[in-house]
Structures are given as C-alpha cells and as structure tokens.
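Examining the three-dimensional arrangement
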Amino acid sequence: GSSSTRTGGGGGGGESDVARGSLQEALATLRANLPPAAILVGQNINKDVEWLGLVEGEDYAMQVDLAALLKVWNPRFGKHTYFGQDHYAAAWLGAE
C-alpha cells in the first residue's frame, strides 16, 4: 500500500505548495534558457506571455501572434474567424 493518501475535500495544502514550487522552478528554468534575442511565436501568444510574466525586451526580443496573421473575415457572421493551428498546418500541407 501507499503511505501517501489524500484525505478530505479540496486540493490539500501540501499539493498546492508542491505545484507552486514546480511552477516557480519551471519559470526560472525558462528564463535561464530563453535567449534575450528569442522571437516567441504562437496563437494569441500575448496571453501566454502575460501568464508567464515574461517581459518583452528583457526576457525575449519580440512576439509574433499567429491569430492576428491568420484571421479570416466571415461575411456571414460579420466578424473574423480564427482557426486552430492544426487546421492551418493541414491546409498548408495539403492534408485537408
């Protein structure tokens, strides 16, 4: 049997401390290995950058938001449509 069991409802105090420590370690590792000249690329990347607490010009050089580049006007709904990266990859590679 296991000597470590979870009791009661909720997250358990120790678990959140471990998770928080792991996150802090991961962020420290990211910052230590992310070159200042890095260009971050992603879909709606600013949300990730904010969540990670990265600072442009300090932790990385710039970011490219694919959502801004890959939006398609949808006249039926009168707004832009955003597809997932898997859709664009499949379309560009001829898999769709």
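Residues numbered from 1 in each chain as written. Predicted model: local features only at pLDDT ≥ 70, side-chain atom pairs only at ≥ 80, totals over all residues. Heavy atoms only, no water.

Relative to the helices and strands, Gln63 resides in strand 2 (residues 62-65). From its side chain, Gln63 meets the backbone nitrogen of Asn46 in a polar contact 3.4 Å long. Within the structure, Gln63 has its side chain in polar contact with the side chain of Tyr60 (distance 2.9 Å). Contacts of Gln63, omitting those with residues within four sequence positions, involve Leu40, Ile45, Asn46, Val49 and Glu56. (Helix = DSSP H or I, 4+ residues; strand = E, 2+ residues; numbered from the N terminus. Polar contact = N/O pair within 3.5 Å; in protein donor to acceptor, adjacent residues only side chain to side chain. Contact = heavy atoms within 4.5 Å.)

Attention now goes to the nonpolar core. Counting seven residues, the largest nonpolar core consists of Leu34, Ala38, Leu40, Ile45, Val49, Leu54 and Tyr60. Discounting residues that sit within four places of it in the chain, Leu54 has contacts with Leu30, Arg31, Leu34, Leu40, Val49, Asp59 and Tyr60. (Core = buried A, V, L, I, M, F, W, Y, C linked by side-chain atoms within 4.5 Å. Buried < 20%, exposed > 50% of the residue type's maximum accessible area, 1.4 Å probe, protein only.)

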